[in-house]
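If you want the building blocks of each chain, they are given just below.
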Amino acid sequence: MSFPSSLARGYPDRAAPVAAPAQPVTALPALAARGRSAAPWLVAVLAVVLLCLISYFTQTLGTAASAVGMVVALFPMAGVLLAVKLVDRWEPEPRSLLVLAFAWGAIAAVGIALGVDLLLSIGFGLSDSPAREAMQSVIQAPIVEEFAKGLGVFLIYVTARRAFDGPVDGIVYGAMVAAGFAFTENIQYFAISAIEGGARELTFTFILRGILSPFAHVMFTAVTGYALGLAARRGASAAAAVRPWVVGMVGAALLHALWNGSAQFSDFFSLYVTLQVPLFLLFILGVVLLRREEERLTRQRLGEYASAGWFTPQEVDMLATPRGRRSAMAWARTLRGDRSAVMKGFIADATTLAAARQRIVTGRDPGAAADQQVLLARTVAARRALFAP
């Protein structure tokens, strides 16, 4: 493919659509990994903290109880991960970043929370009194845990800006961090229940944490992710994103304190039905509306490429609507050799192209023009493969 000279010059008019291709694609370039993959130093930090956590759990809870807790904790974790996958279907985030987010919650965030609790116990000599328990549940835990989880979301924002495009992305990363945190926290709670009360106590704890409230942490930290996602959509730098990040963590901590306080100071089950369930339903509604906004933005950006001749209006309808995508996949399966994999790649690249276009318009990513060039080449090649004899 011969790309327009405006692209070769680095896209000087960042809001102007590019011209249509003049020649067919002869090779498929790949997107640069920088800015959309896990930072190696974060992986190294997590590995060290993981060893410390394994030692802590086996020494304080025992190997057998820890193993039981981990097995039971897998069930609510699976439900949460499935829900996050459904939210993330429109423009899936890089798998390495999703793994990093989960690992940060399960390892680093838990390590920070345990470390702060230990330091406070040593520094202030706090006992296990009712006052201490109430303070820890309603004040300390919400602040420390939401900071620890929110720090992971912020680090992804800073180190992987090219894969952090808007509110839905922020919610997904926040949910994955929270899922990891809840998984490790559940291991501890389930193990302690098994030690202190056997199968009966473990069953009660599982109903409370695994059935009634598996999405509690997800809902809290999603507020932080949403705030950072808005900052990303507006093109905020890492420094400019600090303020919305803090605002998001404050909102997450307040929700967390409300949840813990309902169990600490009032009838948990009454508030669960009258307050927590409605809040969760509002959360689901908010995610649905944000998904629709993401679809609208994809359609708008791809429409700009259609105006320049890269796509037909019919292709935009196909690529930017759930119904169009389903029809496209069904049609691709009828082609010789079943070309659904090609169509899936075409849809994914076009969606990523729309996100790159948004970064160009906001000017927050100097590398977005290079991404655009790569993705235009890939979409042209996919179209040719779909219609090949």
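In this text the structure is predicted, and so the values were computed from the model without any measurement.

Draft legend 1. Representation of the overall build of the protein in the model. Broken down by element type, the protein carries 13 helices and zero strands. N-terminal to C-terminal, the α/β element order of the protein is α-α-α-α-α-α-α-α-α-α-α-α-α. Taken over C-alpha atoms, the radius of gyration comes to 24 Å for the protein, in line with the 21 Å a tight globule of 389 residues would show. Expressed as a percentage of its 389 residues, the buried residues of the protein come to 48%. Taking the contacts inside the protein whose residues are at least 6 apart along the sequence as the reference set, 79% of them involve residues at least 24 apart. Of the roughly 18,500 Å² of accessible surface on the protein, a fraction of 67% belongs to carbon and sulfur atoms. With 34 positive and 25 negative side-chain charges, the protein shows a spacing of 10 Å between the two charge centroids.

Draft legend 2. Main features of the packing of helix α5 (residues 130–159) against helix α8 (residues 242–265). Interhelical geometry of α5 versus α8 gives an angle of 145 degrees and a closest axis separation of 8 Å. For the crossing formed where α5 meets α8, the hand is right-handed. Residue composition of the contact of α5 with α8, by class: 15 nonpolar, six polar and three charged.

Draft legend 3. Just the packing of aromatic side chains, in detail. Tallied over the entire structure, the rule returns 14 aromatic pairs. Taking 5.7 Å as the distance between ring centres and 45 degrees as the angle between the ring planes, the aromatic pair formed by W331 and F387 counts as tilted. With W331 in helix α11 (residues 322–334) and F387 in helix α13 (residues 368–387), this residue pair connects regions lying 56 residues apart in the sequence. Residue classification places F387 among the exposed positions, given a relative accessible area of 58%. Among the aromatic residues, ring-to-ring pairing joins F147, F154, Y157, F164, Y173 and W245 into one connected group. R209 extends its terminal NZ or CZ atom over the ring of Y189, reaching a point 4.1 Å from the ring centre.

Draft legend 4. Structural context of a positive patch on the surface. Residues K85, R89, R95, R323, R326 and K344 make up a contiguous surface patch of positive charge. The topology assignment puts K85 in helix α3 (residues 63–87).

Draft legend 5. Structural context of the packing of helix α7 (residues 216–233) against helix α9 (residues 268–307). It is the contact of α7 with α9, at a shortest axis distance of 12 Å, that shows an interaxial angle of 25 degrees. The angle between α7 and α9 places the two elements in the roughly parallel class. Two packed elements cross with a definite hand, and for α7 against α9 that hand is left-handed. Across from M219, A222, Y226 and R233 in α7, the residues of α9 making contact are L279, F280, F283, L290 and L297.

Draft legend 6. View of the nonpolar core. Core analysis: the biggest nonpolar cluster contains 61 residues, and W104, Y157, F164 and L228 have the highest contact counts within it. Among the secondary structure elements, those contributing two or more residues to this core are α2 (40–60), α3, α4 (95–124), α5, α6 (167–211), α7, α8 and α9. Examining the composition of this core, we find that 15 residues originate from one element, α6, more than from any other. What Y157 contacts, discounting residues up to four positions off in sequence, is F164, L228, A231, A232, A236, S237, A238 and A241. Residues L302, Y305, L335 and L376 belong to the second largest nonpolar core, which totals 25 residues.

Draft legend 7. Up close: the pattern of salt bridges. Summed over all chains, the structure comprises 16 salt bridges. Here E146 ties to K149 by a salt bridge, and the two come within 2.8 Å at their closest N and O atoms. Pair noted here: E146 and K149 are both in helix α5, with a separation of three residues, about one helical turn. What emerges from the salt-bridge pattern is a single network uniting R36, R162, D165, R359, R364, D365 and D371.

Draft legend 8. Region of interest: empty space enclosed by the protein. For the coordinates displayed, the defined rule picks out two cavities of 30 Å³ or more. Taken as a whole, the largest cavity spans an internal volume of roughly 120 Å³. Contributing to the lining of the largest cavity are E91, D165, G166, D169, R233, E294, L297, T298, T351, A354, A355 and Q358. Counting residues per element, the ones that place at least two in the lining of the largest cavity are α9 and α12 (340–362). The residue inventory of the lining of the largest cavity, partitioned by class, reads three nonpolar, four polar and five charged. Along its surface, the second largest cavity is lined by L42, L100, A101, W104, G152, L155 and I156. Elements with a minimum of two residues in the lining of the second largest cavity: α4 and α5. A breakdown of the residues in the lining of the second largest cavity according to their chemical character gives six nonpolar, one polar and no charged.

Draft legend 9. Spatial organisation of unusual backbone geometry. Residue D338 is not a glycine yet carries a positive backbone phi of 55 degrees. Summarising the element assignment, D338 is placed in the loop between α11 and α12.

Draft legend 10. A look at the environment of A222. Structurally, the position occupied by A222 is in helix α7. Remark: the alpha-carbon pair of A222 and P167, spanning 55 residues in sequence, is separated by 9.4 Å.

Draft legend 11. Spotlight on α8. Under the 1.5 Å per step criterion, the end-to-end length of α8 is 33 Å for 24 residues, consistent within 8% with the ideal 34 Å. Looking only at α8, the buried set comprises W245, G248, M249, A252, A253, H256, A257, W259, N260, G261 and S262. Summarising the contacts, the buried residues of α8 are in contact with α5, α7 and α9.

Thresholds, definitions, all that
- Residues numbered from 1 in each chain as written.
- Predicted model: local features only at pLDDT ≥ 70, side-chain atom pairs only at ≥ 80, totals over all residues.
- Heavy atoms only, no water.
- Helix = DSSP H or I, 4+ residues; strand = E, 2+ residues; numbered from the N terminus.
- Rg over C-alpha atoms; globule rule 2.2 N^0.38 Å.
- Buried < 20%, exposed > 50% of the residue type's maximum accessible area, 1.4 Å probe, protein only.
- Contact = heavy atoms within 4.5 Å.
- Areas by Shrake-Rupley, 256 points an atom, 1.4 Å probe, with all protein chains shown as cover.
- Lys, Arg positive; Asp, Glu negative; His and termini not counted.
- Charge placed at Lys NZ, Arg CZ, Asp CG, Glu CD.
- Axes fitted to C-alpha atoms, helices over the stretch in contact; angles between N-to-C directions.
- Left-handed = near helix turned anticlockwise from the far one by under 90°.
- Nonpolar A, V, L, I, M, F, W, Y, C, P; charged D, E, K, R; others polar.
- Phe/Tyr/Trp six-rings, centres within 6.5 Å; stacked < 30°, edge-to-face > 60°.
- Lys NZ or Arg CZ within 6 Å of the ring centre and 35° of its normal.
- Patch = residues over 30% accessible without salt bridge, like charges linked within 9 Å, V, L, I, M, F, W, Y side chains within 5 Å.
- Salt bridge = Lys/Arg side-chain N within 4 Å of Asp/Glu carboxyl O.
- Parallel < 35°, antiparallel > 145°, perpendicular 65-115°, else oblique.
- Core = buried A, V, L, I, M, F, W, Y, C linked by side-chain atoms within 4.5 Å.
- 1 Å grid on protein atoms, 1.4 Å probe; cavity = no way out; pocket = protein on both sides within 12 Å on 5 of 7 lines; lining within 4 Å.
- Points joined across faces, edges and corners; volume = space filled by probe spheres on them.
- Expected span 1.5 Å × (residues − 1).

Shape is all these values report; function is a separate question.
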